[in-house]
Amino acid sequence: MNPIVIIGGVVVLISVILLVGGLSGRPAGQELVEERLGDTEKQPKQKEKKGKRESVVGAAVDRAVAGRGFAQNLSTQLARANLKWTVGEFLVMTVLFSTVAGLVFFLLNRIIFVPIGVLAGFFLPRIYLSMRKNKRLKLFNDQLGDALNLMVNSLRAGYSTMQAMEVISNEMPVPISEEFGRVVMELQLGVPFDTAMANLIRRMPSADMDLVITAMSVQREVGGNLAEVLDAISFTIRERVRIKGEIKAMTAQGRITGYVITALPFALAGLIYMITPDFMGGLFTDSCGWVMIIVSIIMIGLGYFVINKIVSIEV
């Protein structure tokens with residue numbers, strides 16, 4: 001067997017073992033709460049136990065990227081996607097996916113596609129992270145109107161603001177129940193109200209939620225009927241969600257057209273190359289072929305951008 005394949009397989013196997021070991025040894029329960037609150041008064045025995053449970057590779061990468069801007073941004077993205085991974089673990093998984101994707105094309109004797117596989121493996125985890133984050137934010141925005149309606153009814157029934165948010169965490173589905181549950185937990189542990197709300201808007205960068213937080217902060221400063229203010233905001237949010245749904249239904253054909261037109265050239269080129277490699281091989285061996293590929297990718301990307309701008313309507 002080719003030595004490169006053997007070395008690559010060993011690297012992948014070691015990465016999987018170390019990564020799985022780190023994920024399985026993650027702190028949970030009270031230890032996780034203490035870790036995220038930044039508790040510095042743990043017993044030495046607890047520190048020693050935690051040190052033994054850390055992932056070697058993940059911890060090393062975390063120390064290497066600590067304090068860097070991209071690491072802080074990636075940590076925020078992981079929190080918004082509700083993924084219980086550290087930055088180091090995510091970077092290790094990205095390298096692992098790139099290695100595996102490159103080896104797959106190498107074993108299939110498609111050497112020309114090895115760089116493409118490596119790039120695809122590098123970007124797939126980030127695409128998954130972005131899709132999960134956007135989906136979670138969309139669900140949060142769709143549930144916010146009903147959650148505010150429940151909060152208004154709770155306030156009118158005599159509940160406090162924290163009790164009303166606790167009702168949301170108990171009665172509403174995820175993800176809004178998870179987020180309000182975290183806010184309630186932080187408030188119960190003594191975190192200031194403004195800080196807890198700032199953490200919420202950091203995890204869920206929603207313009208509607210920002211408006212709600214502003215109204216609640218103003219009410220805490222100057223007083224007033226919070227239930228009436230939230231009722232008006234809730235009506236506005238529900239109408240916006242309804243209008244967005246109608247726009248999405250009317251622009252569905254344009255969005256699907258953009259997806260199909262963008263994916264069709266790549267799928268067709270890959271299929272033809274798999275069937276008759278010699279027919280498509282000239283594109284990758286001649287300088288004119290590379291120019292054609294680059295121009296085609298630019299034009300496909302430009303077309304997708306234009307279609308996306310046409311069907312994207314702000315409300």
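Residues numbered from 1 in each chain as written. Predicted model: local features only at pLDDT ≥ 70, side-chain atom pairs only at ≥ 80, totals over all residues. Heavy atoms only, no water.

A. Empty space enclosed by the protein, seen in detail. Going through the model one piece at a time under the given rule, you end up with two cavities of 30 Å³ or more. Volume-wise, the largest cavity comes out at about 50 Å³. Taken together, R255, G258, Y259, Y304, I307, N308 and V311 make up the lining of the largest cavity. Put simply, the parts of the chain that give the lining of the largest cavity at least two residues each are helix 13 (252-275) and helix 15 (287-311). Looking at the lining of the largest cavity, the element that brings in the most residues is helix 15, giving four residues. Classifying every residue of the lining of the largest cavity by side-chain character gives four nonpolar, two polar and one charged. (1 Å grid on protein atoms, 1.4 Å probe; cavity = no way out; pocket = protein on both sides within 12 Å on 5 of 7 lines; lining within 4 Å. Points joined across faces, edges and corners; volume = space filled by probe spheres on them. Helix = DSSP H or I, 4+ residues; strand = E, 2+ residues; numbered from the N terminus. Nonpolar A, V, L, I, M, F, W, Y, C, P; charged D, E, K, R; others polar.)

B. Fine view of helix 12 (residues 226-250). For helix 12, built from 25 residues, the straight-helix expectation of 36 Å at 1.5 Å per residue is met to within 8% by its first-to-last C-alpha distance of 36 Å. Those residues of helix 12 that sit buried are L226, A227, L230, I233, S234, I237 and I247. One side-chain oxygen of the residue at the start of helix 12 lies 3.2 Å from the amide nitrogen of A227, identifying that residue as N225. (Expected span 1.5 Å × (residues − 1). Buried < 20%, exposed > 50% of the residue type's maximum accessible area, 1.4 Å probe, protein only. Polar contact = N/O pair within 3.5 Å; in protein donor to acceptor, adjacent residues only side chain to side chain.)

C. Structural context of the packing of aromatic side chains. Within this structure, the stated rule accounts for two aromatic pairs. Between the aromatic rings of F122 and F123, the centroid separation amounts to 5.1 Å while the plane-to-plane angle is 85 degrees, which identifies the pairing as edge-to-face. With a relative accessible area of 33%, F122 lands in the partly exposed category. Judged by its relative accessible area of 44%, F123 is partly exposed. (Phe/Tyr/Trp six-rings, centres within 6.5 Å; stacked < 30°, edge-to-face > 60°.)

D. Main features of the environment of L144. With respect to the helices and strands, the residue L144 is situated in helix 7 (residues 114-156). Between the C-alpha atom of L144 and that of S206, which follows or precedes it by 62 residues, the distance is 9.8 Å. Residue contacts for L144: discarding those within four places in its chain leaves I176, D208, M209 and I237. (Contact = heavy atoms within 4.5 Å.)

E. Layout of unusual backbone geometry. That bond from V174 to P175 is cis: its omega, 10 degrees, falls within 30 degrees of zero. Relative to the helices and strands, P175 is located in the loop between helix 8 (161-171) and helix 9 (176-188).

F. View of the pattern of salt bridges. Applying the stated rule across the entire model yields ten salt bridges. Among the salt bridges present, the one from R136 reaches E179, with a minimum N-O distance of 2.8 Å. Here R136 is found in helix 7, whereas its partner E179 is found in helix 9, with 43 residues between them in sequence. In this structure, D142 engages K138 in a salt bridge whose closest nitrogen and oxygen atoms are separated by 3.0 Å. Of this pair, D142 and K138 are both found in helix 7, four residues apart, which corresponds to roughly one turn of the helix. (Salt bridge = Lys/Arg side-chain N within 4 Å of Asp/Glu carboxyl O.)

G. Highlighting the packing of helix 13 against helix 15. Interaxial distance between helix 13 and helix 15 falls to 9 Å at its minimum, and their mutual angle equals 170 degrees. The orientation of helix 13 with respect to helix 15, classified from their angle, is roughly antiparallel. Contacts between helix 13 and helix 15 involve G254, R255, G258, Y259, T262, P265 and F266 on the former and, on the latter, I297, I300, Y304, I307 and V311. Broken down by class, the residue content of the contact of helix 13 with helix 15 amounts to eight nonpolar, three polar and one charged. (Axes fitted to C-alpha atoms, helices over the stretch in contact; angles between N-to-C directions. Parallel < 35°, antiparallel > 145°, perpendicular 65-115°, else oblique.)

H. Just the packing of helix 7 against helix 8, in detail. Between helix 7 and helix 8, the shortest axis-to-axis distance is 9 Å and the interhelical angle comes to 135 degrees. On the basis of the axis angle, helix 7 is oblique to helix 8. The crossing of helix 7 and helix 8 is right-handed. Contact with helix 7, carried on its side by A147, L150, M151, S154 and L155, involves T161, A164, M165, V167, I168 and E171 of helix 8 and no other residues of that element. Considered class by class, the residues forming the contact of helix 7 with helix 8 number eight nonpolar, two polar and one charged. (Left-handed = near helix turned anticlockwise from the far one by under 90°.)

I. Local environment of the nonpolar core. One finds M151, M165, M197, M209, V212, M216 and L230 to be the most contacted residues of the largest nonpolar core, which totals 32 residues. Broken down by secondary-structure element, the contributors of at least two residues to this core are helix 7, helix 8, helix 9, helix 10 (193-203), helix 11 (207-222) and helix 12. It is helix 7 that provides the largest number of residues to this core, a total of eight residues. What M165 contacts, discounting residues up to four positions off in sequence, is M151, F180, V183, V184, L187, F193, M197 and M216. (Core = buried A, V, L, I, M, F, W, Y, C linked by side-chain atoms within 4.5 Å.)

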